[in-house]
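Topology and contacts: notes
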Amino acid sequence: MLFEKISSCRACGQAGLVDILDLGKQPLANALVAPGNSTINKVPLSTAFCPNCSLFQLKETVNKEVLFNHYVWVTGTSVAAREYARVFADRVIQRAGLKKGDLVFEVASNDGTVLKQFLARGIAVLGIEPAKNIAKMATDAGVRTDCAFWNVESAKRLIQQIGIPKVVMARNVVPHVSDLHGVIEGMAQALDANGTGIIEFHSGRIIAEELHYDSIYHEHLCYFTAHSMEYLLKQHGLYPYAFDQSPISGGSLVVYFSKQQRPWERSYLDIIQEEKRAGVDECSTWERFSEQAKEHRTKTLEVLNQFKGKVIVGFGSSARSATYINFCGIGSNYLKAIIDNNPLKQGLMTPAGDVPIVSFEQGMALKPEVIFVLAWNLGSEIMDECIKRGFRGSFIVPFPREPHIISTLPVEEKVVEEAE
Ligand SMILES: [Zn+2]
C-alpha cells in the first residue's frame, strides 16, 4: 500500500483529531523524476490538530519503502548550516557539562557533519544512520557510524557494544519518523540518570506565526511545539528543562531533557510562555493558519502575475518548495527551470515532472529576469551568490508571512526592498 491515514493522534493516541489545512493530492516531495517519466505517484497531503496533546500533524503516512527508496540527499552543506553546527556543539557541551572523552550518540547522524564538531573538541562519538551510502560517507570521513534504524533494540545493542552515552541527540529527525514512540523510548533506554537527551525540531509556533506551510510534506509527519514535545517526552519518563533557538529550517527549537527532573532553566520558562501567548495549544490558532495559507497562495500568484512574460527561474528544489509550488499550481506555466546546487538533483525534473532542475550556470544561461527564491530559509545566502555572479533583476522571496519582491539596482549595486 502506498499510504495509510491515521485515525488517532501520533503522539498521545487519542481519537478526535480536528482537520486543519488540506494541501490536496501531491507528488512525493523528494521523488524527483527523470525527464519523460510519466508515472508520478500522488498522495493526499492533509493536516490535523490534536485537542488533547496539541500536536499539529500530518494525516497520511506514506509507506517507508516508497518514501526512502530514492533518498540520496545529504545534509544541507550551506554555509549557515556549517556555522550552526559549531555553535550547536559548543552549546551542547556547555549545557550537558561534557568533558573530554565523554560519549555522544547522534540518531540519524547523516554524513557526520555535526559529530565532527564534537570529535574536534575531544568528545567520543557514535553516529547511527540507516542510509547505507550516507553511513559509509561518515565512516570514511572518520566518524564512527553504525548503520541502523534507531529504536529500543538498536539502543540496547549499542550501549552494550559501545557504552552508555552522556548525550543522545536527534536533530531534525523526530518529526519525520512514523515509529515515534520507538525512537523516543530508544533515547530513554540509552540514557542514565546523568544523561541528557536533545531533540531539535522545526518550531510549530514559528510555523504557525510565519506561515511555513511550505514545510508540510509527506516525510514531515509531526509539527511539534515545546508543548506537544513535552507531552510526548513525559510519556516516556523524560523531562524537558531547557531550550535553545536554532536557525535551521527558518526557525527551530532544541529541547534538553533528562530522566531525573532537573530544575527548569530560564529558557524553558520563556519558551513555554511565548508559546502560550501565541496560542499554539489552541485549535483556533491552527484554523487561522489554514486560512492564512490559502490567502498566501492567492498573494503568491498575484506577485508572479506581475512578472508575466518575463523569464522566471526558481532557486532551491527542496521538499518544501515542492509542496509550495504544487499547492499554488506553479509549474512550467511560470518557471523556466529551478536552480539547485546539489549535483545529484541536476538533470532531474521536479516531483510534478514539468520543471527541469539545473545547475547555477545552466540557470543563468536562461537569462532570468526574476529569481524565485524557493529555498527562502537560505535566502540571503542565495541572493548574495546570485548578485555576486552577475544577476540583475528581481528576487521573489515567498516567506516568512508573505511574498516579498527585492530588486537589484544596477547603478548602486545594492539590494533594496520595493514598496508593494
Ligand atoms: Zn495528541
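Computed from a predicted model, the values in this text were never measured in an experiment.

Conventions we followed
- The residue numbers shown here count from 1 along each chain, following its written sequence.
- Reporting of local features is limited, given that this is a predicted model, to residues whose pLDDT is at least 70; pairs of side-chain atoms are given and counted only at 80 or more, and all residues count toward the totals for whole chains, interfaces and linings.
- With hydrogens and water stripped out, all remaining heavy atoms of the structure feed into the side-chain values.
- Here a strand is any run of E in DSSP of at least two residues, a helix any run of H or I of at least four, and the numbering for each starts at the N terminus.
- The cut-offs for exposure are 20% and 50% of the maximum accessible area for each residue type, with area from a 1.4 Å probe on protein chains only; residues under the lower value are buried, those over the upper are exposed, and the others partly exposed.
- None of His or the chain ends enter the tally, which takes Lys and Arg as positive and Asp and Glu as negative.
- Any carboxyl oxygen of Asp or Glu that lies within 4 Å of a side-chain nitrogen of Lys or Arg is treated as forming a salt bridge with it.
- The term polar contact refers here to a pair of N or O atoms within 3.5 Å; inside protein, the definition further demands a hydrogen-donor-capable atom paired with an acceptor-capable atom, and it admits residues adjacent in sequence only when both atoms are side-chain atoms.
- Contact between two residues is taken to exist if any of their heavy atoms lie within 4.5 Å; hydrogens are not considered.
- For two strands to be treated as a pair, DSSP must find at least two bridges joining them.
- Each Phe, Tyr or Trp ring (for Trp, its six-membered ring) is paired with any other whose centre lies within 6.5 Å, and the angle between the two planes then decides the class: stacked below 30 degrees, edge-to-face above 60, tilted in between.
- Look at NZ for Lys and CZ for Arg. If either is within 6 Å of the ring centre and within 35 degrees of the ring normal, a charge sits over the ring.
- Reported domain spans reflect what an automatic or database domain assignment gives.
- Here the quantity called buried area is the total loss of accessible area, with a 1.4 Å probe, experienced by two parts when brought into contact, counted for both.
- Following the grouping adopted for this structure description, the nonpolar residues are Ala, Val, Leu, Ile, Met, Phe, Trp, Tyr, Cys and Pro, the charged ones are Asp, Glu, Lys and Arg, and the polar ones are all others, Gly among them.

**A look at the side chain of Glu-210**
Within the element layout of this structure, Glu-210 appears in helix H7 (residues 204–210). No salt bridge is formed by the buried Glu-210, whose closest oppositely charged neighbour, Arg-401, lies at an N-O distance of 4.2 Å. Side chain to side chain, Glu-210 and His-212 meet in a polar contact 3.2 Å long. Apart from residues no more than four positions distant in its own chain, Glu-210 is found in contact with Gly-250, Phe-399, Pro-400 and Arg-401.

**Things to note about the sheet that holds strand E2 (residues 18–27)**
One key point about sheets: their strands pair by backbone hydrogen bonds, in either a parallel or an antiparallel sense. Read across the sheet, four strands follow the order E2-E3-E4-E11 without closing on themselves; strand pairing throughout is antiparallel. The two strands at the open ends of the sheet, each matched to only one other strand, are E2 and strand E11 (222–223). Relative to strand E3 (residues 42–49), E2 is paired through six bridges, and the arrangement is antiparallel. Residue pairing across strands places Asp-22 opposite Ser-46, the latter belonging to E3.

**Points about the packing of aromatic side chains**
Evaluated as defined, the whole model comprises 19 aromatic pairs. Through successive ring pairs, a cluster of aromatic residues spans Tyr-213, Tyr-324, Phe-327, Phe-372, Trp-376 and Phe-399. Sitting over the face of the ring of Phe-88, Arg-171 holds its NZ or CZ atom 4.8 Å from the ring centroid.

**Examining the domain arrangement of the protein chain**
Frequently, the measure chosen for interface size is the accessible area removed from exposure when the parts meet. Per the domain assignment, the segments of the protein chain are domain 1 (3–59), domain 2 (75–284) and domain 3 (306–419). The C-alpha-based centres of domain 1 and domain 3 are spaced at 27 Å. In this assembly, 15 residues from domain 1 lie in contact with 15 residues from domain 3. Both faces considered, domain 1 and domain 3 share a buried interface measuring about 1,200 Å² in area, 70% of it formed by carbon and sulfur atoms. Scanning the region where domain 1 abuts domain 3 turns up zero salt bridges. In this structure, the connection of domain 1 to domain 3 is made through three residue pairs in polar contact (both at pLDDT 80 or more). Counting residues per element, the side of domain 1 that touches domain 3 draws most heavily on E2, at five residues. By residue class, the composition of the side of domain 1 that touches domain 3 is twelve nonpolar, two polar and one charged.

**Quick look at the pairing of strand E18 (residues 394–397)**
In E18, alternate side chains face the same way, and those of Ser-394 and Ile-396 on one face and Phe-395 and Val-397 on the other are all buried. Both strand E17 (residues 370–373) and E18 contribute to a ladder of three bridges, which runs parallel. Bridging across to E18, Ile-371 finds its partner in Phe-395.

**As for the sheet that holds strand E6 (residues 103–107)**
Pairing is mixed across the open sheet formed by seven strands, whose spatial order is E8-E7-E6-E9-E10-E13-E12. Of all the strands in the sheet, just strand E8 (145–146) and strand E12 (239–246) have a single pairing partner and so form its edges. Pairing between E12 and strand E13 (residues 252–258): seven bridges, direction antiparallel. From the neighbouring strand, Phe-243 faces E13, where its bridge partner is Val-255.

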